[in-house]
Amino acid sequence: MLDCILKFDSILFDFDGVLADTEPIHYQCWLEILAPHGIQPSWDFYQRECIGISDRLMVERIATPALFEQIWPRYAEKQALFRHKLTLKSPFHSETVALLAELAPNYKLAVVSSSGRTEIEPPLVSAGLRGHFQAMVCGKEAGELKPAPHPYLRAAHLLDAAKPLVVEDSAAGEASGKAAGFEVLRVASADSVPSRLREKLNEG
């Protein structure tokens, strides 16, 4: 049960690693793209250095300039591979699906992600979740990416929200939410979101 006295008027969710358990899928896609170039970052490295930043910056971090010129043109291939993998298995935990249905009547909801809309909206539609969200801010739709405040400020503006709560799993996302002046709930993984968020919303 959620507290009837609401501290927040809206909840702004990151997508990858928060709403959807997609980071392992992104990682596996990148491994397939990078393998012919002799680059195989560990999962620990990927979690530490590659989550919450743009894909271009990620490739710049893990590749030499010469290899970057070979890898980056394959980005569309990586995106297509990711979309295909999402058709094989839903990335949404059942507890998260139930949570969104519980939240939607009481809060304005938005998705705020550095990933492109073509990677985010189709799985939300397929899972029947798109209707819960009154706004989406994807990729560079707000101008600068996280950790700049622009994505979260844009989402709050679209919702006409005065007291948003940001839910994030990355340092860049947390910095973005805080720079926007909003309270941030930092989570460790997508499967922890339902319990952590309920606890947060029911705080006195």
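Residues numbered from 1 in each chain as written. Predicted model: local features only at pLDDT ≥ 70, side-chain atom pairs only at ≥ 80, totals over all residues. Heavy atoms only, no water.

1. Describing the overall build of the protein chain
The number of helices and strands found in the protein chain is 10 helices and 5 strands. Relative to a compact globule of 204 residues, whose C-alpha radius of gyration would be 17 Å, the protein chain shows 17 Å and is just as compact. The principal-axis extents of the C-alpha atoms in the protein chain amount to approximately 55 × 35 × 25 Å. If you take every contact in the protein chain between residues at least 6 apart in sequence, the share linking residues at least 24 apart comes to 68%. With an accessible surface of roughly 9,500 Å², the protein chain has 54% of that area assigned to carbon and sulfur atoms. Looking at charge distribution, the protein chain has the averaged site of its 21 positive side-chain charges lying 2 Å from that of its 27 negative ones. (Helix = DSSP H or I, 4+ residues; strand = E, 2+ residues; numbered from the N terminus. Rg over C-alpha atoms; globule rule 2.2 N^0.38 Å. Contact = heavy atoms within 4.5 Å. Areas by Shrake-Rupley, 256 points an atom, 1.4 Å probe, with all protein chains shown as cover. Lys, Arg positive; Asp, Glu negative; His and termini not counted. Charge placed at Lys NZ, Arg CZ, Asp CG, Glu CD.)

2. Digging into the nonpolar core
Counting residues in hydrophobic clusters, the biggest one holds 27 residues, and the most contacted among them are Ile11, Phe13, Leu103, Leu124 and Leu197. If you list the elements that add at least two residues to this core, you get strand 1 (10–13), helix 6 (94–103), strand 2 (108–113), helix 7 (117–126), strand 3 (135–138), strand 4 (164–168) and helix 10 (193–201). Setting aside anything within four residues of it in sequence, one finds isoleucine 11 in contact with Leu103, Tyr107, Lys108, Leu109, Ala110, Leu165, Val167, Leu197 and Leu201. Counting residues in hydrophobic clusters, the runner-up holds 17 residues, among them Ile39, Cys50, Val59 and Ile62. (Core = buried A, V, L, I, M, F, W, Y, C linked by side-chain atoms within 4.5 Å. Buried < 20%, exposed > 50% of the residue type's maximum accessible area, 1.4 Å probe, protein only.)

3. What about the pairing of strand 1?
Side-chain alternation along strand 1 places Ser10 and Leu12 on one buried face and Ile11 and Phe13 on a second face that is also buried. Pairing of strand 1 with strand 2, which is carried by 4 bridges, proceeds in the parallel orientation. If you follow phenylalanine 13 over to strand 2, its bridge partner there is valine 111. Summarising the sheet, strand 1 and strand 4 pair through 4 bridges and their orientation is parallel. From the neighbouring strand, leucine 12 faces strand 4, where its bridge partner is valine 166. (Pairing = 2+ DSSP bridges.)

4. A look at the environment of isoleucine 11
Its location among the elements puts isoleucine 11 in strand 1. Residue class for isoleucine 11 comes out buried when judged on its relative accessible area of 0%. Through-space distance from the C-alpha of isoleucine 11 to that of valine 184 is 9.9 Å; in sequence the pair is 173 residues apart.

5. Looking at the sheet that holds strand 5 (residues 183–186)
Taken together, the 5 strands give an open sheet; going across it, the order is 3-2-1-4-5, and neighbouring strands pair in parallel fashion. Two strands close off the open sheet at either side, each with one partner strand: strand 3 and strand 5. Shown here is a sheet whose adjacent strand axes are inclined to one another by a mean of 20°, direction ignored. Across the sheet, helix 9 (residues 171–179) touches strand 4 and strand 5, and the angle it forms with strand 5 is around 165°. (Axes fitted to C-alpha atoms, helices over the stretch in contact; angles between N-to-C directions.)

6. Observations regarding the environment of proline 36
Mapped onto the secondary structure, proline 36 falls in the loop between helix 1 (23–34) and helix 2 (43–49). Take proline 36: its relative accessible area is 60%, and that puts it in the exposed class. C-alpha separation for the pair proline 36 and alanine 142, spaced 106 residues apart in sequence, amounts to 35 Å.

7. Some words on the packing of aromatic side chains
Considering all chains together, one arrives at 8 aromatic pairs under this definition. Seen from their ring centres, phenylalanine 15 and phenylalanine 92 are 6.0 Å apart, and the 80° between their planes marks the pair as edge-to-face. Residue phenylalanine 15 is found in the loop between strand 1 and helix 1, and its partner phenylalanine 92 is found in the loop between helix 5 (75–88) and helix 6; the two are separated by 77 residues along the sequence. Under the relative-accessibility criterion, phenylalanine 92 is labelled buried at 10%. Ring centres of tryptophan 43 and tyrosine 46 lie 5.8 Å apart, and the angle between their planes is 15°; on these two criteria the pair is classed as stacked. Within this pair, tryptophan 43 and its partner tyrosine 46 are both found in helix 2, separated by 3 residues, close to a single helical turn. Here a set of aromatic residues connected by ring pairs shows up, and it is made of Trp30, Phe68, Trp72 and Tyr75. (Phe/Tyr/Trp six-rings, centres within 6.5 Å; stacked < 30°, edge-to-face > 60°.)

8. Brief notes about the pattern of salt bridges
A full pass over the atoms with the stated rule returns 16 salt bridges. Ionic pairing is found between lysine 146 and aspartate 14, a salt bridge with its closest N-O pair at 3.0 Å. Highlighted residues: lysine 146 in the loop between strand 3 and helix 8 (150–159) and aspartate 14 in the loop between strand 1 and helix 1, separated in sequence by 132 residues. As far as the burial class goes, lysine 146 and aspartate 14 line up, both buried. For glutamate 77, the salt bridge is made with arginine 74, and the minimal N-O distance between the two is 2.9 Å. What you see here is one network of salt bridges that share partners, running through Lys7, Glu183, Lys200 and Glu203. (Salt bridge = Lys/Arg side-chain N within 4 Å of Asp/Glu carboxyl O.)

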